[in-house]
Amino acid sequence: MNLLELKGVHTHIGAYHILHGVDLDVPEGQVTMLLGRNGAGKTTTLRTIMGLWTASQGTVSFEGQSLVGLPTPEIAQRGIAYVPESMGIFGDLTVRENMTLAARSAARAEAIDATRLEWIFGLFPALKKFWLYPAGKLSGGQKQMLAVARAIVEPRRLLLIDEPSKGLAPSIIQNLISAFRELKAQKSSILLVEQNFMMAKALGDRVAVMDDGRVVHAGPMAELAEDEALQQRLLGLSLGAHQ
Amino acid sequence: MIRAWLSHDLPRSRWLAGALLVILVALALAPFLFPGAKALGVAAKILVFILLVASYDLLLGYTGIVSFAHTMFFGIGAYGIAIASEKLGAGWAAVGIGLAASLALSALLSLVIGLFSLRVKAIFFAMITLAVASAFQTLASQLSQFTGGEDGLTFRNPEWLQPSFEPFEDEAFGVLLDGRLFTYWGLFLVVLVLFGLLLRIVNSPFGRVLQAIRENDFRAEAIGYRTVVYRTLSNVLAALFATVAGALLALWLRYTGPDTTLSFEIMLDILLIVVIGGMGTLYGAVVGAVLFVLAQNYLQDLLAVAAGAVQGVPVLQALVAPDRWLLWLGVLFVLSVYHFPTGVVGKLRALALRQRA
Amino acid sequence: MSTPAAIPKAQFDWIPLALVAALAAAGLPLIGSPSTWLTLTVAGLAMGLIVFVIASGLTLVFGLMDVLNFGHGVFIAFGAFVATSVLGAMGVWTTSESAWLNLGAIFVAMLAAMAVAGAIGWAFERVIVRPVYGLHLKQILITMGGMIVGEEMIKVIWGPQQIPLPLPPALRGAFLVGDAAIEKYRVLAVVLGLVVFAALLWTLNRTKVGLLVRAGVQDREMVESLGYRIRRLFVGVFVAGSALAGLGGVLWGLYQQSVVPQIGAQVNVLIFIVIIIGGLGSTFGCFVGALLVGLVANYTGFLAPKVALFSNIALMVAILLWRPRGLYPVTSR
């Protein structure tokens, strides 16, 4: 069953026509990778789903209901969490405050589900260590972990994550992969934009490849992973190559 | 040839062209058409404001800069003439020196303000100019030996511009030609020429770059234009024209004080005129100035009539009291900013465009 | 997992605050007599705190929604004028010798002023500000227009002339500390200002609403992506800011012992200087900036009266040369 469906979505930003009819299915309980080179429209797609930019044409339906035209907070409240490329960390606030904010049902930090928090600390020990530090002082990798942690501090129906591994050291990336694997085990639905193909191969159940504002290929990840010629054609290099 | 004079920036609307023509003729022949001191005073004020607001339109309408320091330059021009005439004795030499000094001071100040503040965001710039203008106003009131303080300076004009100068015995068209009228026509000519110059500036390549910067300064910078330079130049030019306007006002009133030029009310008047008239059109300054000054002087009479009609009704009476004309103008201003962003001129041009289509 | 050598602990930037103390300390030798210095310092703190109360709303509104309300003075003016009416109506209380009745009357006047200013703020946001979100140029113009209309409406309701706002008997006069005369009203202003400051800090740092405001000042979009309808929050902040301005108007009017319809425009310049010095969007910066401005204004008013208004601009320039984005710039800007 598809949790999220995009059909013929066009997005204009001012005079620029970025998305030219995107068709995308995100099945429930699986990790869908969104791949493509820079400028293909991956970030725009996520932002359109999130309502940060409005689709000029086409439908975006989540659990059968249309999201187009809804204000962003409303879309978020339907159970969609968004981790933007820039991470969106509130630098002047502490890690604790960032997490409290993300936990909508918690009036104070103490009200965050303790079990869940422990689980998150298990995934990202640094967050426990720097709990009271201003988030702006964390390293890049730690900020990324915080960004992901915020998205999962409460159960969400769908996670939209934009290039989490960008600019991070390989060891941190491993950390993220483990975290996503655990989420996967819990049957979370994730739409993950990535350029790191090792990560894509390790995590993806399904894959959609974008180019020039369209989805040019969609199918099971395993299929793409075995077809080096296809990889070369779509992405310009193979998934097995050193990244 | 008219097109050349207007630097090919035509009214583009028959109504507007007609209105401008009427205004031109009315102002040129005001001494004959509207006899009496008050009417001539109104006409002179319109002339001064046309120049003042047109120079502000260069800054706001064409370059997209909001500055609250414009009255400061207006005041510098006025005080320049006043102080020079008072200290050096009345005469053309004093006027010349005063004007030159005030232009120099304005150029320097606008340059400094421009370079310092234009590197910051627009909001910052607006606030800083507000503070600077306010400080300058206080300064003018405080340095009483120099500026006459709160009372201002009264002085005499060069001989030909003095009201008592009456070279001709006979009247012309029922009006005696005296220094007052010469002053008036002097104002008229200067404003006419300088307005033409402003038209030339905004329609030149320089002017087009300003508009490009107004639209998207990021892109303008990317294409290769040093936006700081252009903005600063626009600032300086606007200041210089405002300074001349101040000098003209001083010569007309033969008096200068903090409230004739430096008050915040005048800054608000400028804003009102440029928005209601139409930003970025220059003609908006003409139409707006006429509407505003007429309203300022005659709207009160209109309101008095309305007040008479609602005599005794408590709230209504206070609302249409003649002194509250600014309230209605303020409401018009707020509506204009939101609903008629292109002002009267813009609306007329849009109408003309639709008729042609 | 690599750990950076040493992450600096959440350091509190105390330098600007120390600046206030340094300024006060520097004032002593310049002024000479300790008793005069004490009087001036209290006056400066009182004035500063009143300006803080007024400006705090403005800086939060700008920080949160990128709206600069050039018409903030409207709320100040209405607050001050409402106080004249209320205190006038409570003549028995305001002329009595009892301190309790006096304070009670002032308290009622403040509540009324805050309520009215807040209501006007709500209307102002709806009618004047909301249509021009994101359009800075139009914001500046339209909020100025709003101020013109507001000032004229005050003239319609209360008349165009100056109205006296005398202090009730219990608040007149001064405490004597050694040689120094410290005006009773100024002490009250300082206390009230600190109470407002404390309340603001507590709300911002200890409640979720405050958390939302602080986050929204940095990254509005992300707060919305987390599921919060920040527009509603904005209206709330705007109204709260207007109410505070109204309270400030009462305090300012009592400080001057009279009110004029132009009171809003008069204070406008001062509050803009304060929020620029403090850093747009920072409450603490606004606090420190206001204290600095209050002290400088009073010290120069005594030492070199002719330069008084310039002193604030000079202070602003000096601070901007040191920290171009204000004392406590907000990270995202």
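Residues numbered from 1 in each chain as written. Chains lettered and ligands numbered in written order. Predicted model: local features only at pLDDT ≥ 70, side-chain atom pairs only at ≥ 80, totals over all residues.

Caption draft 1: Inspection of the overall build of chain B at higher detail. In terms of helices and strands, chain B carries 18 helices and two strands. Expected size for 357 residues packed as a compact globule is a radius of gyration near 21 Å; at 21 Å, chain B falls within 12% of this value. Relative to its full complement of 357 residues, chain B shows a buried share of 48%. A separation threshold of at least 6 residues defines the contact pool for chain B, and within that pool the share at least 24 residues apart is 73%. (Helix = DSSP H or I, 4+ residues; strand = E, 2+ residues; numbered from the N terminus. Rg over C-alpha atoms; globule rule 2.2 N^0.38 Å. Buried ≥ 20, exposed ≤ 12 C-beta atoms within 10 Å, placed from the backbone. Contact = placed C-beta atoms within 7 Å.)

Caption draft 2: Looking closely at the interface of chain C and chain A. Counting residues at the interface gives 22 residues for chain C, matched by 31 residues for chain A. Elements that contribute at least two residues to the side of chain C that touches chain A include exactly α8 (208-218) and α9 (220-225) of chain C. Top element by residues in the side of chain C that touches chain A is α8 of chain C. It accounts for five residues. Residue composition of the side of chain C that touches chain A, by class: 11 nonpolar, five polar and six charged. (Nonpolar A, V, L, I, M, F, W, Y, C, P; charged D, E, K, R; others polar.)

Caption draft 3: Focus on the arrangement of the chains. Contacts are most numerous between chains B and C, considering all two pairs of chains that are in contact. One finds no contact between chain A and chain B; the C-alpha atoms of the two approach each other to within 13 Å at their closest.

Caption draft 4: Looking closely at the interface of chain C and chain B. Facing the 30 residues of chain C at the interface are 30 residues of chain B. For the side of chain C that touches chain B, the secondary structure elements donating two or more residues are α6 (136-158), α11 (263-278) and α13 (308-322) of chain C. With 15 residues, the top contributor of residues to the side of chain C that touches chain B is α6 of chain C. Taken together, the residues of the side of chain C that touches chain B sort by class into 23 nonpolar, three polar and four charged.

Caption draft 5: Representation of the pairing of strand β6 (residues 80-83) of chain A in the model. Residues and elements named next belong to chain A. Burial along β6 is two-sided: Ile-80 and Tyr-82 facing one way and Ala-81 and Val-83 facing the other are all buried. Sheet topology places β6 next to strand β7 (residues 158-162); four bridges connect them, and they run parallel. Note on β7: the bridge partner recorded for Ile-80 is Leu-158. (Pairing = 2+ DSSP bridges.)

Caption draft 6: Here's a closer look at the environment of Ile-152 of chain A. All names here are of chain A. Here Ile-152 is to be found in helix α6 (residues 140-152). Exposure remark for Ile-152: the 21 C-beta atoms within 10 Å place this residue in the buried category. Each C-alpha atom of the pair Ile-152 and Leu-183 lies 8.9 Å from the other, and the pair is 31 residues apart in sequence. Excluding residues within four positions of it along the chain, Ile-152 makes contact with Ile-120 and Leu-183.

Caption draft 7: Local environment of helix α3 (residues 73-89) of chain C. Along its 17 residues, α3 of chain C runs 25 Å from first to last C-alpha, staying within 8% of the 24 Å computed at 1.5 Å per residue. Extensive coverage of α3 of chain C is indicated by the burial of 14 of its 17 residues. (Expected span 1.5 Å × (residues − 1).)

Caption draft 8: Structural context of the confidence of the model for chain C. All names here are of chain C. In the predicted model, chain C carries a mean pLDDT of 86, and 95% of its residues have values of at least 70. Taking the mean pLDDT of every element in chain C, the minimum, 81, falls on helix α4 (residues 91-95) and the maximum, 93, on α9. Counting contacts from residues 1-6, a segment whose pLDDT is below 50, to residues more than four positions away or on other chains yields seven contacts. (pLDDT = per-residue confidence, 0-100.)

Caption draft 9: Broad picture of unusual backbone geometry. Positive phi, close to 50 degrees, is recorded for Arg-254 of chain B, a residue that is not glycine. Residue placement: Arg-254 of chain B occurs in the loop between α12 (227-253) and β2 (255-256). Phi is positive for Asp-66 of chain C, which is not a glycine, with a value near 60 degrees. Following the sequence through the fold, Asp-66 of chain C ends up in the loop between α2 (34-65) and α3. Residue classification places Asp-66 of chain C among the partly exposed positions, given that 17 C-beta atoms sit within 10 Å.

Caption draft 10: A look at helix α10 (residues 205-215) of chain B. All names here are of chain B. Gly-207, Val-209, Leu-210 and Ile-213 are the residues of α10 that are buried. Seen from one end, α10 has its buried residues packed into an arc of 160 degrees, which puts them on one side. Seen from the open side of α10, the exposed residues pointing more than 90 degrees away from its buried face are Pro-205, Arg-208 and Glu-215. Packing partners of the buried residues in α10 comprise α4 (37-62), α9 (179-202), α11 (217-223) and α12. (Arc of directions from axis to C-beta.)

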